[in-house]
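# Inside the fold
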Amino acid sequence: MLNNDVKQINTTALAYMGDAVYEVYVRRHVMESGHVHVDRLHAMAVPFVKAEGQARAVKYLMENGLTDEEQTLARRARNHKIASKAKNASPMDYKWATAFEALIGYLYLKGDGERMEEIISMAIHHIEETGAKK
């Protein structure tokens, strides 16, 4: 896909893609619970997709297994000036969540699905352990 140019993509655009990809994985995860009512599924997904949960996950990942390249990208995304404002998150959680989404978008566009799935799995597991209710 964009393998050769992915390092040149703006981190906000990477986060845009990463948000969509991560959302699909979260929806699949909550559907695996066996619930079928959309309202319940949505409530179960919220802790995984809100900025606070993503911020906790990426901070954990930064200390537990991201490569130097992944850490550099996450820091670059976190430090990128963001024009939009968070609706229900602190500015720092929003920046960290953007870093997480940019990392997912980067790995997706790079074509490294195996690594992307590994990171998403670690993030979901960490969010569950630190506050998500099933």
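Described below are features of the structure shown in this document. Within any chain, residue numbers begin from 1 and follow the written order of that chain's sequence. Where local features are concerned, this predicted model is filtered to residues with pLDDT of at least 70; where side-chain atom pairs are given and counted, the filter is 80 or more; whole-chain, interface and lining totals use all residues. Processing note: side-chain calculations cover all non-hydrogen atoms of the structure and skip hydrogens and water entirely.

### Quick notes on the overall build of the chain
Put simply, the rule is: Think of it this way: any DSSP run of H or I at least four residues long counts as a helix, any run of E at least two long counts as a strand, and we number them from the N terminus. A radius of gyration in this sense is built from C-alpha atoms; the matching globule rule multiplies 2.2 Å by the number of residues raised to 0.38. Here the term buried applies to any residue with accessible area under 20% of the maximum for its type, exposed to any over 50%, and partly exposed to those in between, with areas from a 1.4 Å probe on protein chains only. Whether two residues touch is decided by their heavy atoms; if any such pair falls within 4.5 Å, the residues are in contact.
In terms of regular secondary structure, the chain is built from six helices and zero strands. Going from the N terminus to the C terminus, the chain shows its helices and strands as α-α-α-α-α-α. Here the chain has a C-alpha radius of gyration of 14 Å; the compact-globule value for 134 residues is 14 Å, and the two agree. For the chain, the spread of C-alpha atoms along the three principal axes comes to 40 × 30 × 25 Å. Counting every position in the chain, which comprises 134 residues, the buried fraction comes to 40%. Restricting to contacts in the chain with at least 6 residues of sequence separation, those with at least 24 account for 71%.

### Focus: the pattern of salt bridges
As a reminder of what qualifies: Here, a salt bridge means any side-chain nitrogen of Lys or Arg that lies within 4 Å of a carboxyl oxygen of Asp or Glu.
Per the counting criterion, the structure on display carries seven salt bridges. For Glu69, the salt bridge is made with Lys110, and the minimal N-O distance between the two is 3.8 Å. Of the two residues, Glu69 is situated in helix α4 (residues 68-79) and Lys110 in helix α5 (residues 91-110); the sequence distance between them amounts to 41 residues. Glu118 is the partner of Arg115 in a salt bridge, and the nearest nitrogen-oxygen pair spans 3.3 Å. Taken together, the positions of Arg115 and Glu118, both in helix α6 (residues 113-129) and three residues apart, correspond to about one turn of that helix. Look at Arg115 and you get buried, because its relative accessible area is 12%. On the basis of relative accessible area, Glu118 is assigned to the partly exposed category, the value being 41%. Because the salt bridges share partners, they merge into one network encompassing Lys50, Glu52 and Arg56.

### As for the layout of surface pockets
Our working rule: Think of a 1 Å grid over just the protein atoms. A cavity is a set of points where a 1.4 Å probe fits yet cannot get out, a pocket is an open set with protein on both sides within 12 Å along at least five of seven lines, and lining residues have an atom within 4 Å of a point. Grid points are joined across faces, edges and corners, and a volume is the space filled by probe spheres set on the points. Only Asp, Glu, Lys and Arg are considered charged, only Ala, Val, Leu, Ile, Met, Phe, Trp, Tyr, Cys and Pro nonpolar, and every remaining residue, Gly among them, polar.
What the second largest pocket holds in volume is close to 190 Å³. Along the walls of the second largest pocket sit Glu23, Arg27, Val30, Met31, Val38, Leu41, His42, Ala45 and Val49, which together make up its complete lining. When contributions to the lining of the second largest pocket are tallied by element, the ones reaching two or more residues are α1 (11-31) and α2 (38-49). Ranked by residues supplied to the lining of the second largest pocket, first place goes to α2 with five residues. The class makeup of the residues in the lining of the second largest pocket is six nonpolar, one polar and two charged.

### Focus on α2
For clarity, the cut-off: Here the expected length of a helix is defined as 1.5 Å per residue gap, with one fewer gap than residues. Picture the helix axis, draw a direction to every C-beta atom, and the arc is the one those directions span.
A rise of 1.5 Å per residue sets the reference length of α2, with its 12 residues, at 16 Å; its end C-alpha atoms lie 16 Å apart and thus fit the reference within 8%. Considered for burial, the residues of α2 that qualify are Leu41, Met44, Ala45, Pro47 and Phe48. In a view along the axis of α2, the buried residues occupy a sector of 150°, so they form one face of it. Exposed residues lying more than 90 degrees from the buried face of α2 are Asp39 and His42.

### Some points on the packing of α5 against α6
Think of two packed helices as two axes; the pair is described by the angle between the axes and how far apart they sit. The cut-off we apply is this: All axes here are fitted lines through C-alpha atoms, helices being fitted over the stretch that makes contact, and every angle between N-to-C directions spans 0 to 180 degrees. Here is the rule for angles: anything less than 35 degrees is roughly parallel, anything more than 145 is roughly antiparallel, 65 through 115 is roughly perpendicular, and the remaining ranges are oblique.
At a minimum axis distance of 8 Å, the contact between α5 and α6 shows a crossing angle of 155°. In terms of orientation, α5 and α6 fall into the roughly antiparallel class. Across the interface between the two elements, Phe100, Leu103, Ile104, Leu107 and Tyr108 of α5 pack against Arg115, Met116, Ile119, Ile120 and Ala123 of α6. When its residues are assigned to classes, the contact of α5 with α6 shows nine nonpolar, no polar and one charged.

Any functional reading would require information beyond the geometric quantities listed.
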